[in-house]
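Here's the letter readout for the chains.
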Amino acid sequence: MSTDSIRRVTEGEYKYGFTTEIETDSVPPGLNEDVIRLISAKKEEPEFMLEWRLKAYRQWLKMKEPHWAHVEYPPVDYQEIVYYSAPKQKPKLKSLDEVDPELLETFEKLGISLEEQKRLAGVAVDAVFDSVSVATTYKKKLGELGILFCSFSEAVREHPELVQKYLGSVVPYTDNFFAALNSAVFSDGSFVYVPKGVRCPMELSTYFRINAADTGQFERTLIIADEGAYVSYLEGCTAPMRDTNQLHAAVVELVALDDAEIKYSTVQNWYPGDKDGKGGIYNFVTKRGACRGRNSKISWTQVETGSAITWKYPSCILQGDNSVGEFYSVAVTNHYQQADTGTKMIHIGKNTRSTIISKGISAGHGQQSYRGLVKVMKGADRARNYSQCDSMLMGDRCGAHTFPYIEVKNPSARLEHEATTSKIGEDQIYYCKQRGLSEEDAVNLIVNGFCKEVFRELPMEFAVEAQKLLSVTLEDAVG
Amino acid sequence: MATPLLQVHNLNVEAGGNRILTGIDLEIAPGEVHAIMGPNGSGKSTLAHVLAGREGYDITAGEVLYEGRNLLELEPEERARGGVFLAFQYPVEIPGVNNTYFLKAAVNAVRKHRGETELDAMDFLALVKEKMKLLEMDDSLLNRPVNEGFSGGEKKRNEILQMALLDPRLAVLDETDSGLDIDALRIVARGVDSMRGAERSFLVVTHYQRLLDYIVPDHVHVLANGRIVKSGGKELALELEEKGYSWIDDEVVKEAR
């Protein structure tokens, strides 16, 4: 296929560019201890929370923004960011009827209306609009099973003992620059607790949106699966078009105790900037799960198509004996998007196993790096890892890079690493076209085939959504 | 004689500055089977791909009319939807893409173009199973990725299966017999033979005569150095088999004198 036609297919533009006019309640730009106190006060937080935020802030002041990732962006002025913005709250909402109609309309434009979501059997939605949760459904049913699924703010107020016990236990505020910043100023996010022996009967799902201009979004998510519990959590994002860069520094912590399993799936479609690389979200995220108990399991599945810059390494600490960590990833960079993403698998317990399947697709001027660490500690007898990193290039102006790191301190460990880089096959496209498929359909077919091992890890409805998203992202793009 | 389905006039083709085909003239009427024979490197496969619309060839002179229309200005998918099918010499693997899904997408793309209703999964499965029986193909091939891990014979049968499903007017078979053992050859040939009809034409590109024992051609053309140097009936194939391609070279040399 000609370079021109590939270019055509990769040059479709972001389809979710619009903003919603909703009155917001914001603090002035900039960060200092007073702003943190204000955030904490607005959220009516207990004292321990404020103390933790302040400690994180003081730590952050001593840290430097990391620059080892294979990405380039202009310096971020942290004093220009607005650290708190909430839609002006009417009194607490009990049903969708009370939600701002304009907000509901926004969700409808995205094809993820709450109305629809409510009807979708088995999906409970906790919609995060900007920084504060405005609607939560299916809560009662979950409540009957003792499952807690609520906004982070609510968890801080209602279940402080759980928050205090687990917050920062996987990603301490000292972990890295962005995690420290998040810990100091996080606005809201989701909290899930599944009690002993309970299998959560539905996929838990949250849609995040960044809306108010220049508002950094600092989500905080904490999911705990107690002994023998199981939960599958879906996170999906689209964001409205913006001209100035927006910083998104989320932290996600997962804790799996003995025999527990957490499946965390993400479809990420933050605004990637326009065709010329202007605007777009900076997505600097710390996601980590601790397989703390024996026989526990944590699976990360991500489909990353958005953001101007992605810096993200969902990881697993395999502490319990026989615990299992998995990372399945599809990342797409088109136009001028840059992504440095991968995972860390830290084997501590005996017989721990991990699997890494990473599929990177670069089109346009996209630059993509896989960066992964597999670390086997001294006591991790018979640890095993299998890693497979495949990159597909579309056109001749994009790049794919692989940075695998392996540290093994136990001689009984077995590790396998496979990596491939290929150009989307012109002969494959020709073959499909000779059978009557359009070029665009041919590209979608080939790309979806390339990503299949990851897509099949996604829950059904999400897999369909992910495939659609991929074709929208690469529309007009085969380059 | 009926109006030709395919007319090739004085076709000259270059690739990367090298002349590959020179002054090709060919007319195929509806229902006819033409065989193109020739030694390796004579330009047989190039002719097949030029008809299917592969990029990378420069047409420096001549024209190709299909159903009276200029075929060369159409995209490969437009040709395919219009009824031009190429069975590849080397069928392409598409990892991760389910064969059934691929076949169904292709069939529905063509049906849509013809104004026919698209087949749903159930109807399609019934159709594909019927065709597979004819080709003695194993059902398991439906659930595997397109051509990936297929044996040579399975790939060729998969090509003929696609031809049967897409129901073309002009089927070009590019060395479909290469890499087939005698049993597979018979099955494939029988599949092709069963599709012969008054409205469908074939262009069978082959190196050996043996395929033509099963698919008996109406016309045989011998291609050497990018030119059709001899045309005749089915007996020409037998003569070639007996005397070898060097005989043609000698003939051509004689004529040139």
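Our structure is the block above this text.
Read on for a plain summary of the structure. (Residues numbered from 1 in each chain as written. Chains lettered and ligands numbered in written order. Predicted model: local features only at pLDDT ≥ 70, side-chain atom pairs only at ≥ 80, totals over all residues. Heavy atoms only, no water.)

Our next topic: the overall build of chain B. Counting its secondary structure elements, chain B contains nine helices and twelve strands. On C-alpha atoms alone, chain B measures out to a radius of gyration of 18 Å, which is about the 18 Å that the 2.2 N^0.38 rule sets for 257 residues. With respect to the principal axes defined by its C-alpha atoms, chain B has extents near 65 × 40 × 40 Å. Looking at chain B as a whole, 52% of its 257 residues qualify as buried. Excluding contacts between residues fewer than 6 apart, the proportion of contacts in chain B whose partners are at least 24 apart in sequence is 68%. (Helix = DSSP H or I, 4+ residues; strand = E, 2+ residues; numbered from the N terminus. Rg over C-alpha atoms; globule rule 2.2 N^0.38 Å. Buried < 20%, exposed > 50% of the residue type's maximum accessible area, 1.4 Å probe, protein only. Contact = heavy atoms within 4.5 Å.)

Right, let's get into unusual backbone geometry. Residue and element names in this part refer to chain B. We note that Glu175 has phi near 45 degrees; this positive angle belongs to a residue other than glycine. A positive phi is found at Asn225, a non-glycine position, where the angle reads about 50 degrees. Positionally, Asn225 belongs in the loop between strand 11 (219-224) and strand 12 (227-232).

Residue and element names in this part refer to chain A. Applying the stated rule across the entire model yields 24 aromatic pairs over all chains. Relative to Phe284, the ring of Phe178 has its centre 4.5 Å away and its plane inclined at 35 degrees; by these criteria the two rings are tilted. Of this pair, Phe178 sits in helix 9 (residues 177-185) while Phe284 sits in strand 13 (residues 281-291), and the two are 106 residues apart along the sequence. One exposure class covers both Phe178 and Phe284, and it is buried. Relative to Tyr313, the ring of Trp311 has its centre 5.6 Å away and its plane inclined at 80 degrees; by these criteria the two rings are edge-to-face. Note on Trp311: relative accessible area 6%, which makes it buried. Overall, Tyr313 belongs to the buried group, its relative accessible area being 10%. Taken together, the aromatic side chains of Tyr57, Trp60, Trp68, Tyr73, Tyr78, Phe177, Phe178, Tyr282, Phe284, Trp311 and Tyr313 make up a single cluster linked through ring pairs. Note that Arg220 overlies the ring of Phe186, its terminal NZ or CZ placed 5.9 Å from the centroid. (Phe/Tyr/Trp six-rings, centres within 6.5 Å; stacked < 30°, edge-to-face > 60°. Lys NZ or Arg CZ within 6 Å of the ring centre and 35° of its normal.)

So, on to the side chain of B:Thr100. Residue and element names in this part refer to chain B. Structurally, the position occupied by Thr100 is in helix 3 (residues 99-113). Looking at Thr100, its side chain comes within polar contact range of the main-chain oxygen of Leu142, at 2.7 Å. With near-sequence residues (within four places) excluded, Thr100 lies in contact with Phe124, Leu125, Leu142 and Asn143. (Polar contact = N/O pair within 3.5 Å; in protein donor to acceptor, adjacent residues only side chain to side chain.)

A word on helix 9 of chain A. The periodicity of an α-helix, 3.6 residues per turn, causes residues three or four places apart in sequence to face the same way. Residues and elements named next belong to chain A. Within helix 9, nine of the nine residues are buried, which leaves it mostly tucked inside the rest of the structure. Here helix 9 has its buried residues at Phe177, Phe178, Ala179, Ala180, Leu181, Asn182, Ser183, Ala184 and Val185. Near the N-terminus of helix 9, the side chain that reaches the backbone nitrogen of Phe178, with its oxygen 2.9 Å away, is that of Asn176.

Turning our attention to the sheet that holds strand 4 (residues 58-66) of chain B. Residue and element names in this part refer to chain B. Ordered by their spatial adjacency, four strands build an open sheet running 2-1-4-5, and the pairing between neighbours is antiparallel. Across the chains shown, the open sheet's two edge strands, defined by having one partner strand only, are strand 2 (18-28) and strand 5 (69-70). Bridge count between strand 4 and strand 5: two bridges; the pairing is antiparallel. Residue pairing across strands places Leu65 opposite Asn70, the latter belonging to strand 5. Taken strand by strand, helix 1 (residues 44-52) contacts strand 1 (6-15), strand 2 and strand 4, and its axis lies near 110 degrees from that of strand 1. (Pairing = 2+ DSSP bridges. Axes fitted to C-alpha atoms, helices over the stretch in contact; angles between N-to-C directions.)

With that out of the way, let us pick up the interface of chain B and chain A. The interface is formed by 34 residues belonging to chain B together with 19 residues belonging to chain A. Each partner contributes to the roughly 2000 Å² buried at the junction of chain B and chain A, and carbon and sulfur atoms together form 62% of this total. Three residues, B:Glu77, B:Phe88 and B:Val92, lead the burial of chain B against chain A; their summed loss comes to 23% of the area buried on that side. Counting every contact that joins chain B to chain A gives three salt bridges. When the shortest N-O distance is used, the salt bridge between A:Lys433 and B:Glu77 registers 3.7 Å. Scanning the region where chain B abuts chain A turns up 13 residue pairs in polar contact (both at pLDDT 80 or more). Those elements giving two or more residues to the side of chain B that touches chain A turn out to be helix 1, helix 2 (76-81), strand 6 (84-87), strand 7 (94-98), helix 3 and helix 5 (152-166) of chain B. Within the side of chain B that touches chain A, the residues separate by chemical class into 21 nonpolar, six polar and seven charged. (Buried area = accessible area lost by both parts, 1.4 Å probe. Salt bridge = Lys/Arg side-chain N within 4 Å of Asp/Glu carboxyl O. Nonpolar A, V, L, I, M, F, W, Y, C, P; charged D, E, K, R; others polar.)

Attention now moves to the sheet that holds strand 3 (residues 33-37) of chain B. Residue and element names in this part refer to chain B. Taken together, six strands build an open sheet; the order of strands is 6-9-10-3-11-12 and the sheet is mixed. Edge strands, defined here as strands with exactly one partner in the open sheet, are strand 6 and strand 12. Looking at each pair of strands side by side, their axes are set apart by 20 degrees on average, direction ignored. Examined bridge by bridge, strand 3 and strand 11 share four bridges and lie parallel to one another. The residue of strand 11 that forms the bridge with Ile36 is His221. Helix 1 contacts strand 3, strand 6, strand 9 (170-174), strand 10 (201-206) and strand 11 of the sheet and is inclined by roughly 145 degrees relative to strand 9. Helix 5 rests against strand 6, strand 9 and strand 10 of the sheet, and its axis sits at about 165 degrees to strand 6.

Turning our attention to helix 6 (residues 182-194) of chain B. Residues and elements named next belong to chain B. The end-to-end C-alpha distance of helix 6, which contains 13 residues, comes to 18 Å, matching closely the 18 Å that a straight helix rising 1.5 Å per residue would cover. Along its buried surface, helix 6 packs onto helix 4 (121-134), helix 5, strand 9, strand 10 and helix 7 (211-214). The N-cap of helix 6, judged by a side-chain oxygen 3.1 Å from the amide nitrogen of Asp183 a few residues on, is Asp181. (Expected span 1.5 Å × (residues − 1).)

Here we come to the pattern of salt bridges. Pairing between side chains of opposite charge can happen when their charged atoms approach one another. Tallied over the entire structure, the rule returns 31 salt bridges over all chains. Salt-bridge contacts for A:Asp175 lead to A:Arg288; the nearest nitrogen and oxygen are separated by 2.8 Å. Of this pair, A:Asp175 sits in the loop between helix 8 (160-166) and helix 9 while A:Arg288 sits in strand 13, and the two are 113 residues apart along the sequence. The exposure class of A:Asp175 is partly exposed, given its relative accessible area of 29%. Residues participating in the shared-partner salt-bridge network are A:Lys433, A:Glu439, B:Glu75 and B:Glu77.

This brings us to the pairing of strand 18 (residues 338-347) of chain A. All names here are of chain A. Most of strand 18 sits out of view: nine of its ten residues are buried. Bridge count between strand 15 (residues 309-312) and strand 18: four bridges; the pairing is parallel. Its bridge partner lying in strand 18, Lys312 is registered against Thr341. Relative to strand 18, strand 16 (residues 315-318) is paired through three bridges, and the arrangement is parallel.

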